[in-house]
Amino acid sequence: MKKALANTKVTVKLRKSEYHNEWYLIIESYPVFKPGNTKPSRIVEAINRTITTPIWDKSRTARTTENSKTFKPKRDANGIIQCKSDKDQESCIYADNVRKIRQREYDNAALYTDTEAEQAEQNERSQCNFIEYIKKTAIQRHKRSSQSIITNWNRVCELLKLFAEGNIILFSQINLKLIEDFRQLHH
């Protein structure tokens, strides 16, 4: 069964400083689904780096008000914000490396959650009684089958009960040795 992934996207963004002519580099993650909450959250993380020389992409407007028009930062082919100064460019590369780490964390969290759920389901199945499973399967799948087929399924159940000596056989106990022992006993 396929499960829809949360598709959390992690992006490096700029926030203008109120006091200086500089921009804070921040990491924004959205949508983030927290346990017990169905509404997505937006997580903003400061990475303690500022830049003063971003290159603006004049073809991509950001917020526009009556008094001002702002633009989005220019990014290279890898999505890294471009700057005029080398020092600022290094800060943007650092921010993108942090972004990659966060993206990997969100992607892996979704995958491991699925893997852990599948593992738990597998563990639960391994503790089920195999003889009861055979009985239920015979009833469900062979309601309209011929009497000889139903008799065969019932006979297998009876032989398994004799083999288990009145105990149960768990799915987790089934291995090649158990199968060979069962075959030898009733051959």
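Nothing here was measured: the structure is a model prediction, and the numbers come from that model.

Q: Just checking my understanding: could you explain the pattern of salt bridges for this structure?
A: If the charged atoms of two oppositely charged side chains come close together, the side chains can form a pair. In this structure the tally under the stated criterion is 12 salt bridges. When the shortest N-O distance is used, the salt bridge between Lys 161 and Glu 158 registers 3.9 Å. Taken as a pair, Lys 161 and Glu 158 lie in helix α3 (residues 147-163) at a separation of three residues, close to a single helical turn. Judged by relative accessible area, which is 31%, Lys 161 ranks as partly exposed. By relative accessible area, which is 40% here, Glu 158 ends up partly exposed. A salt bridge links Asp 181 to Lys 177; its shortest N-O distance comes to 2.9 Å. A residue pair is termed a helical-turn pair when its members lie 3 or 4 positions apart in one helix, as Asp 181 and Lys 177 do in helix α4 (residues 176-185) at four residues. When salt bridges with common partners are traced through the structure, they connect Lys 13, Arg 15, Glu 28 and Arg 42 into a single cluster.

Q: Could you clarify how one ought to interpret helix α2 (residues 130-141) in this entry?
A: In an α-helix, one turn spans 3.6 residues, which is why side chains three or four residues apart end up on the same side. The terminal C-alpha atoms of α2, which comprises 12 residues, lie 16 Å apart, in line with the 16 Å expected from a rise of 1.5 Å per residue. Buried within α2 we find Phe 130, Ile 131, Ile 134, Thr 137 and Ala 138. One face of α2 carries all of its buried residues, which in axial projection span an arc of 125°. With respect to the buried face of α2, the exposed residues turned more than 90 degrees away are Lys 136, Ile 139 and Gln 140. Where α2 is buried, its residues meet α3. Taking the backbone nitrogen of Ile 131 as reference, a side-chain oxygen 3.0 Å away marks Asn 129 as the first, capping residue of α2.

Q: Explanation requested: the packing of α3 against α4 in the structure shown.
A: Each packed pair of helices is defined by two parameters, the angle between the axes and the distance between the axes. At a closest axis distance of 11 Å, the pairing of α3 and α4 adopts a crossing angle of 105°. Relative to α4, the element α3 is oriented roughly perpendicular. Here α3 contributes Leu 159, Leu 160 and Phe 163 to the contact with α4, which in turn contributes Leu 178, Asp 181, Phe 182 and Leu 185. Residues of the contact of α3 with α4, tallied by class, amount to six nonpolar, no polar and one charged.

What counts and what doesn't
- Residues numbered from 1 in each chain as written.
- Predicted model: local features only at pLDDT ≥ 70, side-chain atom pairs only at ≥ 80, totals over all residues.
- Heavy atoms only, no water.
- Salt bridge = Lys/Arg side-chain N within 4 Å of Asp/Glu carboxyl O.
- Helix = DSSP H or I, 4+ residues; strand = E, 2+ residues; numbered from the N terminus.
- Buried < 20%, exposed > 50% of the residue type's maximum accessible area, 1.4 Å probe, protein only.
- Expected span 1.5 Å × (residues − 1).
- Arc of directions from axis to C-beta.
- Contact = heavy atoms within 4.5 Å.
- Polar contact = N/O pair within 3.5 Å; in protein donor to acceptor, adjacent residues only side chain to side chain.
- Axes fitted to C-alpha atoms, helices over the stretch in contact; angles between N-to-C directions.
- Parallel < 35°, antiparallel > 145°, perpendicular 65-115°, else oblique.
- Nonpolar A, V, L, I, M, F, W, Y, C, P; charged D, E, K, R; others polar.

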